[in-house]
Structures are given as C-alpha cells and as structure tokens.
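Chain by chain, the residues:
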Amino acid sequence: MPEAKVFESANDQWSKQTQGGGNTIEVRYGWCAAASALWTLSTLQGTPAASSKPDQNRSGILQVKYRWDGSHQSDINLLQGLDLNPEHVLQDKSRDEAINYMATTPGVYWFGYTKRLPNGQWEGHAMAADTRTPGQPLFYDIESGLYRYASVAEFKQGVSSRYGDASWEVIKVHLTH
C-alpha cells in the first residue's frame, strides 16, 4: 500500500490585522500551526484518523493567538494552551534528519520548518505526524490532508517529497494527563 489519503484538506484561510481607521497592517495566510496542533490533540485523544480533521473555526482562533504570542516559545505555548505536554526533540536540523527521527522514534509530533526567502522575508510551515503504530504512520498537512503509509520508508519518501531543505524543528507531543 503506497501513500493513502485519509481525508482532503486545503489551507485557503487567512487572517487580517488592522489598526485604527481600518488600515491593514498585516495579512497572514495559512493556519498550519494551529490546525496541526489540533490534529495532534485529537490523535492523542484516540480520535479515529478519518474523523481527526481539525475544525476550521477553532484553528482560526488558535492561529491568531499563536501569531500574537510572537515569542521564541510560540510553538511550545500553542501546544501547552491545548493542555498538551510538548518536548523539543530536534531544532535547526535538516529535513532528512527531522523526518528520519520521527519515522524511527514512535510518537506524535508537531513539526515544521523555516527558511529565508530571496527577498529577505521568512517563510515557515507546520505539520504533524503520528508514528506510533508500526506499518501505519500518519502525516497531516493542512495544505493537502491526512495520509497513511504502509512503512517507515514510504513515510520518509512521502513527507520528504513535499518539502525542500530548510531549518526544521520537531516537537514530540504528549497528553498532560
């Protein structure tokens, strides 16, 4: 069984921040950080994969809170705000190091990358994975959906084929109780 799509998803959401007089000062596309955090929560709570698609409204509220936090600990704060216990396991690693770690160390992960664009701006993206069940690792990306793989090798190939190299971080996530 190669990559199997469990459900579709699209990241067509955005939020706008304005100041007095209605002047737009920032528009943020994508709710990847919040949706991926919500997916890890539902997965850890035992929600069946086919029913684990994050709620768009809740993702939007959490994404705004995440963006307003703006601290170096934003990722950790987002996950702790959902009553999760996050543990940084990798930071500033290559794509292949991050994916290999998750594929060979069973767990539930919130992970992502950042990279500097040619125009000097930063780009980032967050995703999630569940590698606890042998022979059935799951990969969630708000951009396209949830995927199930038949092996560690397929998981590695499926995830790495979607992204270039950048500075990756991996956070292992546990329930707090």
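Scroll up a little and you will see the structure.
Described in the following lines is the structure provided in the data block. (Residues numbered from 1 in each chain as written. Predicted model: local features only at pLDDT ≥ 70, side-chain atom pairs only at ≥ 80, totals over all residues. Heavy atoms only, no water.)

A look at the overall build of the chain
Next, step 1: Broken down by element type, the chain carries five helices and nine strands.
Next, step 2: When the helices and strands of the chain are read in sequence order from the N terminus, they spell out β-β-β-α-α-α-β-α-β-β-β-β-α-β.
Next, step 3: By the burial criterion, 45% of the 177 residues in the chain qualify as buried.
Next, step 4: Accessible surface, the chain as shown: approximately 9000 Å² in total, 47% of it carbon and sulfur. (Helix = DSSP H or I, 4+ residues; strand = E, 2+ residues; numbered from the N terminus. Buried < 20%, exposed > 50% of the residue type's maximum accessible area, 1.4 Å probe, protein only. Areas by Shrake-Rupley, 256 points an atom, 1.4 Å probe, with all protein chains shown as cover.)

Some remarks on the sheet that holds strand S4 (residues 84-93)
The strands that make up a sheet pair up through hydrogen bonds in the backbone, lying either parallel or antiparallel.
Next, step 1: A sheet is described by the order of its strands in space; here seven strands give the open sequence S1-S8-S7-S6-S5-S9-S4, paired in antiparallel fashion. Edge positions in the open sheet fall to strand S1 (4-8) and S4, since each of these has one partner strand only. Across the sheet, the mean angle separating the axes of adjacent strands is 20° when strand polarity is ignored.
Next, step 2: Bridge analysis of strand S7 (residues 138-141) against strand S8 (residues 145-148) gives four bridges, and the strand direction is antiparallel. Bridged to Asp141 within S8 is Gly145. (Pairing = 2+ DSSP bridges. Axes fitted to C-alpha atoms, helices over the stretch in contact; angles between N-to-C directions.)

Describing the pattern of salt bridges
Close approach of charged atoms allows side chains of opposite charge to pair.
Next, step 1: Within the structure shown, the criterion is met by four salt bridges.
Next, step 2: Residue Glu3 is joined to Arg162 by a salt bridge in which the shortest nitrogen-to-oxygen separation is 3.0 Å. Of this pair, Glu3 sits in the segment before S1 while Arg162 sits in the loop between helix H5 (152-160) and strand S9 (167-175); the two residues are 159 residues apart in sequence, bridging distant segments of the chain.
Next, step 3: When the shortest N-O distance is used, the salt bridge between Asp130 and Arg132 registers 2.8 Å. (Salt bridge = Lys/Arg side-chain N within 4 Å of Asp/Glu carboxyl O.)

A look at the side chain of Asp130
Next, step 1: Inspection of the secondary structure assignment puts Asp130 in strand S6 (residues 122-130).
Next, step 2: A distance of 2.8 Å separates the side chain of Asp130 from the side chain of Arg132, its partner in a polar contact.
Next, step 3: Not counting residues within four places of it along the chain, the set of residues in contact with Asp130 comprises Trp39, Thr43, Gly107, Val108, Gln136, Pro137 and Leu138. (Polar contact = N/O pair within 3.5 Å; in protein donor to acceptor, adjacent residues only side chain to side chain. Contact = heavy atoms within 4.5 Å.)

Looking at the side chain of Glu169
Next, step 1: By the element assignment, Glu169 lies in strand S9.
Next, step 2: Look at Glu169: it is buried, it has no salt bridge, and the nearest opposite charge is Lys93 at 13 Å.
Next, step 3: A polar contact of 2.5 Å, which involves the side chain of Glu169, links it to the side chain of His88. (Lys, Arg positive; Asp, Glu negative; His and termini not counted.)

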